[in-house]
Structure formats: C-alpha cells, structure tokens
Amino acid sequence: MRAMIMDALAEPLEVREVPAPTAPAGGVVVEVHATGLCKSDWHAWVGHDDVAIPHVPGHELAGVIAEIGAGVHDWSVGDRVTVPFVMGCGECEWCRSGNAQVCPRQEQPGFTQWGSFAERVVVRAADTNLVAVPDGVSFEAAAALGCRFATAYRALTGRARVRAGEWVTVVGAGGVGLSTVMIGAALGARVIAVDRTPAALEVARRLGAEHTILADGADVPASVSALTDGGSHVSIDAVGSAQTARDAVLSLRRRGRHVQIGLLPTDDGMTPMPMARAIAWELDLLGSHGMAAADYPEMLDLIARGVLRPQDLVERVVGLGEAAEMLPRMDTAAPAGMTMIDPRRV
C-alpha cells in the first residue's frame, strides 16, 4: 500500500509503498477513504509524542472494512466505519463503563501504532471502537468526527455541560475550534471566537459565532468581559499554549468552567495556569480527551438531522503527496477549516 512515512523526527516525509497490514484477532483493517490533517499530527512529527520510527501519522479516519480478524462479531467486510482517535482495549473497567477515551491500555492510530495517512489502517478491539457511518454522511464528514469534532462535542456536552443562553469563549479557530463554535451555536450558546487570523474569524462568524476577537495584540480577557458583562460561563482553549490557556481561563466569569482541548507540550510536562483566579473565583478547570465510540449515537443523530454539519468545516481535500508537504508547516500556516486527505488519490 501507499503510505506517508516519517523516517526521522522533524524531517521531510516521503510517500512510498510499504507492506499492507493484516487484521489482528479482535480487529479489522479499514481501507481509508478520508483522513484529517490535524495539528496533533504535527506534534507527533516534531517529537512531542513518543513515536517509533519509521512511522505513519494520521488519526482521524473513515473508510470501509477490508478485512476482519478472528473474534470480531459486530462488523462485516464492506461496512462504512469511522473510529475515535483513542481506541480502548475493550476489557478494562474504563472501557466497560463506556469511557474508552481514558483506557490505560489505549491505542492511538498515528501515535502508538501506524496511522491513517495510508491506504489501509488497523483498528484493534473493533467491537468496542468502530462506529457505523450512515449512508447519508460523507467519508470526509465522518473522518472529521474522530478527533476534532467529537472532542469539541464532548468538551461542551460531557465536560462543560453547556446550557442554552450561556456565553462560550473559544480560543482558536482551527479545526477543533471551529467545530466548537458550530456545536456551541447549535446548542443555543452565545459563542465568542478568538483567533489571530481574520479569515478564520470570518468562518467562525459564518458558523454561528456571535462575536469575534482578533487576538493579535488584544487583551482577550478584557474584551470578553466587556462583551459578556463579566466573563463567559465556559471557555475552551482549542490551541494549546500557555498564553491561549491563560487567556481562556481569565476570560471566565466567577464560577465559570474551562475545558482544555489543545495539547500543552512542555519540557517537564507542566503548564502554568492562573490558579489564584481559579481558587478565588471557584473556577472549574477540566480536561477533555476525545470521545468514546459508545457516545457517538447522540452526535450522529444530530448530524443525520442536519442540526450539526461537520462537512461544512472541510475546506479542501488533498492527496498524500500534497499532505506530506503541508504537515511540517502546520505550526505556522493557519488555513481556515479542515484539510482532508484521500489516500487513494495519486
């Protein structure tokens, strides 16, 4: 099969032929029809995640089951499927309780195993991790769910428990940030989008943001406080830096809830947060790590009914070769919306 190969950290990627995988016991092989190019893939490429070289990135995917291993009961060859970027073992207490997103033996395509920037990818514990894609949902839309959209959905509904009419500040209008804007607006929240790129803020307005703030030199917390008469009820850091996390937390009103989505890579694994404010104002600081397959039905129902439209977030579809050139630039380039890869494109 053709795959995008990472032979060294932070070095150019090469698209070449490699042996195709076979289905393990309890797992399947998925023929990839769409896979998202995400900032998390850049983190793996640059070395913020511990990956074994040579490596194939890619963790947001949708496609068709091509091969089934022994012990898989719920799926057949030809089924249209997607998968969360966190794949649970299917056996531990967390998986059994429907919380595979924190499984201690989790696998993550593109990180702990070869990922989806290839024509085929392995999905282990298929009966726990696979999600059926309805015929009316495109592969590009389904691939968008695996990381950014599902993460945003659970951050707002499962973690922040946002309510209609509440102010939600979203710092960062990339793929996960725009997903959060769309979902928040659909749930009846009053959304403020913050980004350093005017084009991204224009997309955020189109997706339902009531206000936008250009972050280039702005005092974001002060701007949010002025717009909301004291701060937002919920804040989301969809970027993952000390500055964006600080801006998001300080944008909250008293007893507000912050959800950290963006990764915060530091040398010692620690990130400074404004804990004095969190204590004095009784703020909730929450993490969110994807969404388990067991939680997809409610979200898919909203998509099927047209309440949520992840397909509107897809700005471009490219082949593996073009994606290999784009991935190293993801820390500086900030295109609005999502880039999807079709590995079948030559």
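An account of the accompanying structure is given in this report. (Residues numbered from 1 in each chain as written. Predicted model: local features only at pLDDT ≥ 70, side-chain atom pairs only at ≥ 80, totals over all residues. Heavy atoms only, no water.)

Moving on: the nonpolar core. General note: in soluble globular proteins, nonpolar side chains tend to be found buried as a group. Phe149, Val168, Val181, Ile236, Tyr296, Met299 and Ile303 are the most contacted members of the largest nonpolar core, which totals 54 residues. When residues of this core are assigned to their parent elements, the largest contribution, twelve residues, is made by helix H4 (residues 139–159). In this structure, Phe149 is in contact with Ala144, Ser179, Met182, Ile183, Met299, Ile303, Leu308, Pro310 and Leu313, ignoring residues within four places of it in sequence. (Core = buried A, V, L, I, M, F, W, Y, C linked by side-chain atoms within 4.5 Å. Buried < 20%, exposed > 50% of the residue type's maximum accessible area, 1.4 Å probe, protein only. Helix = DSSP H or I, 4+ residues; strand = E, 2+ residues; numbered from the N terminus. Contact = heavy atoms within 4.5 Å.)

One pass over the full model with this rule turns up zero disulfides. Free cysteine: Cys89, not disulfide-bonded; nearest cysteine sulfur from Cys103 at 3.6 Å. Residue class for Cys89 comes out buried when judged on its relative accessible area of 18%. The thiol of Cys95 is unpaired, and the distance to the nearest cysteine sulfur, on Cys92, comes to 3.8 Å. (Disulfide = S-S within 2.5 Å.)

On to the packing of aromatic side chains, then. If you walk through the whole model with that rule in mind, you get zero aromatic pairs. The side chain of Lys39 reaches across the aromatic face of Trp42, ending 5.3 Å from its centre. (Phe/Tyr/Trp six-rings, centres within 6.5 Å; stacked < 30°, edge-to-face > 60°. Lys NZ or Arg CZ within 6 Å of the ring centre and 35° of its normal.)

This part takes up the side chain of Ser40. Counting through the fold element by element, Ser40 comes out in helix H1 (residues 39–46). Look at Ser40 and you get buried, because its relative accessible area is 15%. If we skip the residues at most four places from it in the chain, Ser40 touches Asp49, His59, Phe111 and Leu263.

Moving on, we come to the pairing of strand S4 (residues 60–68). Each regular strand carries side chains that alternate between the two faces of the sheet. Where strand S3 (residues 28–37) meets S4, eight bridges bridge the pair, whose relative direction is antiparallel. Residue pairing across strands places Val30 opposite Ile65, the latter belonging to S4. The pairing of S4 with strand S5 (residues 80–82) spans three bridges and is antiparallel. The residue bridging Val64 from the neighbouring strand is Arg80, located in S5. (Pairing = 2+ DSSP bridges.)

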